[in-house]
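What the coordinates show
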Amino acid sequence: LVGVAVPFVRLRLNGSSQAFQPGGAAFPAEEVHAQSSGVSDVAVIGKYQLWKSTGAASTSTSGLAALVLVRLPTGDEENLRGLGVTRTTFGVVGSGAMGRVSPHVNVGYELWSGGIDIPSDFLTDATVTAKDQIVYSGGLEFEVHPLLTANVDVLGRFVRGAGKIEARQFQYDPRSNEFGIESATVLVARGGLNTLTLAPGFKWNLWQGALLSVHTLIDL
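These remarks concern the structure in this document. Quantities reported herein were computed from a predicted structural model and do not represent experimental measurements.

Moving on, we get to the side chain of Asp-132. Its location among the elements puts Asp-132 in the loop between β9 (127-130) and β10 (133-145). Residue classification places Asp-132 among the buried positions, given a relative accessible area of 8%. With residues up to four places along the chain from it excluded, the contact list for Asp-132 reads Tyr-109, Glu-110, Leu-111, Trp-112, Phe-158, Val-159 and Arg-160.

Considering only enclosed or pocket space, the largest pocket measures out at about 1,500 Å³ in volume. As for the largest pocket, its lining consists of 45 residues, of which Leu-69, Arg-71, Glu-110, Val-135 and Leu-155 are closest to the centre. In terms of residue class, the lining of the largest pocket is built from 23 nonpolar, 14 polar and 8 charged. Approximately 180 Å³ is the volume found for the second largest pocket. Along the wall of the second largest pocket there are 14 residues; nearest its centre are Gln-49, Ser-62, Gly-63, Leu-64 and Ser-95.

Within the secondary structure, Pro-7 sits in the loop between β1 (2-5) and β2 (8-17). Each C-alpha atom, one on Pro-7 and one on Ala-43, is 8.3 Å from the other, the two residues being 36 residues apart in sequence. Setting aside anything within four residues of it in sequence, one finds Pro-7 in contact with Gly-38, Val-39, Ser-40, Asp-41 and Val-42.

Turning our attention to the nonpolar core. Judged by nonpolar contacts, Val-85, Trp-112, Ala-130, Val-159 and Ala-162 together constitute the single largest core of 5 residues. Once residues lying within four places of it in the same chain are set aside, the contact partners of Val-85 are Arg-71, Pro-73, Trp-112, Ser-113 and Gly-114.

So, about the pairing of strand β6 (residues 87-98). The two faces of the sheet receive side chains in turn, since in a regular strand these alternate between them. Across 12 bridges, strand β5 (residues 60-71) lies against β6 in antiparallel orientation. Following the sheet pairing, Gly-63 is matched in β6 by Ser-95. Across 10 bridges, β6 lies against strand β7 (residues 101-112) in antiparallel orientation. Residue Thr-88 lies in a different strand from β7, and its bridge partner there is Leu-111. Here β6 folds back onto β7, and the loop between the two strands holds 2 residues, one of which, Gly-99, carries a positive phi near 70°.

Cut-offs applied
Residues numbered from 1 in each chain as written. Predicted model: local features only at pLDDT ≥ 70, side-chain atom pairs only at ≥ 80, totals over all residues. Heavy atoms only, no water. Helix = DSSP H or I, 4+ residues; strand = E, 2+ residues; numbered from the N terminus. Buried < 20%, exposed > 50% of the residue type's maximum accessible area, 1.4 Å probe, protein only. Contact = heavy atoms within 4.5 Å. 1 Å grid on protein atoms, 1.4 Å probe; cavity = no way out; pocket = protein on both sides within 12 Å on 5 of 7 lines; lining within 4 Å. Points joined across faces, edges and corners; volume = space filled by probe spheres on them. Nonpolar A, V, L, I, M, F, W, Y, C, P; charged D, E, K, R; others polar. Core = buried A, V, L, I, M, F, W, Y, C linked by side-chain atoms within 4.5 Å. Pairing = 2+ DSSP bridges.

Worth remembering: the numbers are spatial, not functional.
Set out below in structure tokens:
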């Protein structure tokens, strides 16, 4: 099986920044309002069936497949619609069907063509580099009706190198800057990043090959 996915992404960003002088007087606030729309990183997908087993009952089957997924850097990195690197995932997909219940699991390793530098030291401009990630997921599908399937998945990933954010306080000599700033608390990147997401949803066969898929992503 070979396929191509072309994601279209729309982003909206609203932000504000406020600084205060020693004594409490405020500097003028800075605000930004921006949006961006367009194609994100295009994915090319290849899947090859390694093994398939059919049980004694026609409703019981299981299988194992190899998966290769390449995400091309087609998205605009400056407008947050892409990472600017080629990402290639090598993985294994396992699934089964036992009557109306179908479990499945995916495990893979994603190679990046380059790293992404993230600031780690406010004073020296040092960075840490995020590069490559481990991805995994598992879940169940339940046939509510021949045309309607409910499903729930748990999606996980570990980004190597950087990504976890923590607050760090820096001290200054107030004579070293024109604003007389003595300290600042700044968000910086540290270590690798673990994420876990719950994805409940359903799939509805509207007509022949037309499928409506609706899912909610819940951060765990």
